[in-house]
Number of protein chains: 2
Amino acid sequence: MSARVRRHARALDLRHGRVDMTHGSGGRATTQLVEEVFLGAFDNEWLRAMDDQARCDLPAGRLVIATDTHVVSPLFFPGGDIGALSVHGTINDVAMSGATPLYLTAGFIIEEGFALADLKRIADSMAQAAQSAQVAVVAGDTKVVERGKADGLFIATTGIGVVDPALAIHANRAQPHDCILISGSVGDHGVAIMSEREHLSFDARILSDTAALHGLVADMVRAVPDIHCLRDPTRGGLATALNEIADLSGVGMRIRERDIPVRSEVRAACEFLGLDPLYIANEGKLIAICPAKRAPALLQVMRAHPLGSQAAIIGEVVADPFRFVEMETAFGGSRMVDWLAGDPLPRIC
Amino acid sequence: MSARVRRHARALDLRHGRVDMTHGSGGRATTQLVEEVFLGAFDNEWLRAMDDQARCDLPAGRLVIATDTHVVSPLFFPGGDIGALSVHGTINDVAMSGATPLYLTAGFIIEEGFALADLKRIADSMAQAAQSAQVAVVAGDTKVVERGKADGLFIATTGIGVVDPALAIHANRAQPHDCILISGSVGDHGVAIMSEREHLSFDARILSDTAALHGLVADMVRAVPDIHCLRDPTRGGLATALNEIADLSGVGMRIRERDIPVRSEVRAACEFLGLDPLYIANEGKLIAICPAKRAPALLQVMRAHPLGSQAAIIGEVVADPFRFVEMETAFGGSRMVDWLAGDPLPRIC
């Protein structure tokens, strides 16, 4: 017998096993779940220490913090899953300040009876997303609630990064005459989720655009440090994100429908579903607002990055005490683009 | 008409209103909920900016990060609620490194139909707990899931602090001959929750001990910088926390039942409920392990703090290749104190 007492008499059955209430007890079963599912996936010095907190080095700069909770349904969807989404979403919120994301935390709320195989698959997906993004998952927490008291799995993530204090990218800095850019096609994530949820199939399979945007952002701020605003148009879509910026900056916006990239299959699906792509969530796109004279240079650097190859200048910021976002339609008319009201696509992220 | 368009035609009905799916849409209703419930409670420069992330100053030191998800049931209990608990629990995880907690994030997963009055009460409780602890809630997120897909409210919190790099307080640093101290009576939180859940009433009302321990920790590390381990015995209780430290440090422990403070009403309730107070969660207590010769000084400084007035030396670390925690019972015998197995008290935090 080894001098080290084996704490876990039997390994978890990661193929057929299920999460039960003891996995949330804080006792032996919790430790086993953490060791066999999460430590295996996120292996690093911080988690191995099994302290209740992580100590991390921080390079020079200002601390940036963002947090998200993820309740997307279904958990697995074309192009991604809740694990990758939770990593990308939080990295993107950190990156929209111009920061370099460094550390993530992950909290899991699991419904009793959830398949361990699915939990492992999601943890592995998170780990892969974090590793690709060169971000470490340094702390976590696991809770289990009774069957019927959650919907499979929710994931809470917090991201920490550092930003060059010389950058001042804020949602309240849009100024009249600034140009508005989008990094690519809108609506992909929301339509992918909706198709999966409603068991719809279209001629072309629509994939979520879920992706970590900090590499693109790094290229952008290097080329144009005076970017005024960055925002990833998630829930509420492009329309709501533009209205938020307009409201916080005290300006109006004029955008051109013909310049907003929408994939033809997404447009077709939206028509079928009665949805407007401007209000559909994206998980791998960003809006950038910068002085007009820097816009061509910014567009060029965005198009040179794989996640910005379809980038476009879609409109301008204008002086407007009413802070309206107006769109020149494809037919040459003009219409108001209001905030999202109601919720056509619940639990999209 | 004001030049500023009023975004919210009607204020939320914080007395009789309920959360609906539109509050999780990311659109206008989400903004209204955030502004009227959360910004009101947590008002600070970071949240007012309404960016997707917060930029924070960090004093010299090493970054410390901890995260928690809170699923306690019921949401309101004698001595506290999920709001205060989520602040205290995460502050304590940060503080157990010897760090000063500075910033918190808060993510809310809300079940459709949840009363806005309860949400407001919980947000206010969080804000008060954070303010008392001099910690700012700098970022947040709100999601809503359909009725029956969550249990009222879950809260995810992440805490960020800084620690003096000269401190080395880790769960793997317990050494033979070290003394084991506890800051006060054990079992209060778990028994308070259990009594509320089971509608039990005892002669004396048992209150949760939920409290932020960083002030106590600051006094302790100032007096005895060479503390080896700190851990707050939450889920799994004192017994499990000691086993975790013993396992990570590769040592055994000998504790004395007669020296472990347990309030008489908690002891009586535990006997009635068939529970062992050593396995019951605490939310305002800590275990400290330090060199024997420094233990009297540490005990003195703990007892001088309001949250440590019942502190006691409860045992010693021993060399033991099997990493067993053994207890001298009140009757003079000896018994093994194992990890918590199973889960006698689900959803205690």
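You'll find the structure just up there.
Here we summarise the structure given alongside this text. Sequence order as written defines residue numbering, which begins from 1 separately in each chain. Naming scheme: in the order in which they are written, chains are lettered from A and ligands are numbered from 1. Given that the model is predicted, a residue must reach a pLDDT of at least 70 before its local features are reported, and side-chain atom pairs must reach 80 or more before they are shown or counted; all residues, however, enter totals for whole chains, interfaces and linings. With hydrogens and water stripped out, all remaining heavy atoms of the structure feed into the side-chain values.

## A few points about empty space enclosed by the protein
The method works on a 1 Å grid over the protein atoms by themselves. A cavity is a set of points holding a 1.4 Å probe that cannot get out, a pocket is an open set with protein on both sides within 12 Å along at least five of seven lines, and residues with an atom within 4 Å of a point line them. Grid points are joined across faces, edges and corners, and a volume is the space filled by probe spheres set on the points. In this structure the tally under the stated criterion is 6 cavities of 30 Å³ or more. If you go around the largest cavity, you meet 41 residues; those closest to its centre are Arg235 of chain A together with Asp51, Asp52, Gly140 and Asp141 of chain B. In terms of residue count, strand 6 (residues 136-145) of chain B provides more of the lining of the largest cavity than any other element does, 7 residues in total. Think of it as three bins: nonpolar holds Ala, Val, Leu, Ile, Met, Phe, Trp, Tyr, Cys and Pro, charged holds Asp, Glu, Lys and Arg, and polar takes everything else, Gly as well. Class assignment for the residues of the lining of the largest cavity results in 18 nonpolar, 10 polar and 13 charged. Of the pockets and cavities examined, the second largest cavity occupies roughly 100 Å³. As for the second largest cavity, its lining consists of 18 residues, of which Arg235, Asp343, Leu345 and Ile348 of chain A together with Ser25 of chain B are closest to the centre. Along the lines of polarity and charge, the residues of the lining of the second largest cavity split into 11 nonpolar, 3 polar and 4 charged. In this text, helices come from DSSP runs of H or I with a minimum length of four residues, and strands from runs of E with a minimum of two, each type numbered from the N-terminal end.

## Quick word on the sheet that holds strand 12 (residues 312-318) of chain A
Residue and element names in this part refer to chain A. Here 7 strands make up an open sheet; going across it, the order is 9-11-8-12-10-13-14 and the pairing mixed. Each having just a single partner strand, strand 9 (229-231) and strand 14 (334-336) make up the two edges of the open sheet. Neighbouring strand axes in the sheet, compared pairwise and without regard to direction, differ in orientation by 25° on average. Where strand 8 (residues 179-182) meets strand 12, 4 bridges bridge the pair, whose relative direction is antiparallel. Each residue of the ladder has a partner; that of isoleucine 180, found in strand 12, is glycine 315. Of the strands in this sheet, strand 8, strand 11 (287-290) and strand 12 are in contact with helix 9 (residues 295-303), which crosses strand 8 at around 5°. When DSSP finds two or more bridges between a pair of strands, those strands are recorded as paired. Axis definition: a line fitted to C-alpha atoms, over the contacting stretch in the case of helices. Angles run 0 to 180 degrees between N-to-C directions. Whether two residues touch is decided by their heavy atoms; if any such pair falls within 4.5 Å, the residues are in contact.

## With respect to the side chain of threonine 240 of chain A
Examined against the element boundaries, threonine 240 of chain A turns out to sit in helix 7 (residues 237-249). Throughout, exposure labels follow a simple rule: accessible area from a 1.4 Å probe, protein chains only, divided by the maximum for the residue type, with under 20% read as buried, over 50% as exposed, and the rest as partly exposed. The exposure class assigned to threonine 240 of chain A is buried, which follows from its relative accessible area of 0%. For threonine 240 of chain A, the contacting residues outside a window of four places in its chain are Tyr279, Trp339 and Leu340 of chain A together with Gly26 and Gly27 of chain B.

## Here we look at the layout of surface pockets
Residues and elements named next belong to chain A. Put simply, the largest pocket is a space of about 960 Å³. Around the largest pocket, the lining is made up of 47 residues, and of these Val34, Met50, Asp51, Asp52 and Gly140 lie nearest the centre. When the residues that make up the lining of the largest pocket are grouped by side-chain class, the tally is 18 nonpolar, 14 polar and 15 charged. Considering the residues around the second largest pocket, the lining is formed by 19 residues, among which Ser185, Asp188, Asp209, Arg263 and Lys285 are closest to the centre. Of the residues that constitute the lining of the second largest pocket, the class distribution is 5 nonpolar, 8 polar and 6 charged.

## A look at the packing of aromatic side chains
When two rings of Phe, Tyr or Trp (its six-membered ring) have centres within 6.5 Å they constitute a pair, described as stacked for plane angles under 30 degrees, edge-to-face for angles over 60, and tilted for the intermediate range. Enumeration according to the criterion identifies 9 aromatic pairs over all chains in this entry. Seen in terms of ring centroids, phenylalanine 154 of chain A and phenylalanine 154 of chain B are 6.3 Å apart; in terms of plane orientation they differ by 50°. Their pairing is tilted. Taken together, the positions of phenylalanine 154 of chain A in strand 7 (residues 153-163) and phenylalanine 154 of chain B in strand 7 (residues 153-163) put the pair across two chains. Residue classification places phenylalanine 154 of chain A among the buried residues on the basis of a relative accessible area of 1%. Counting every residue linked through ring pairs, the aromatic cluster contains Phe38, Phe42 and Phe108 of chain A. In this analysis the charged atom, NZ for Lys or CZ for Arg, is taken to sit over a ring once it is within 6 Å of the ring centre and within 35 degrees of the ring normal. In this structure, arginine 121 of chain A packs its charged tip against the face of phenylalanine 76 of chain A, placed 3.7 Å from the ring centre.

All we've got here are geometric facts, nothing functional implied.
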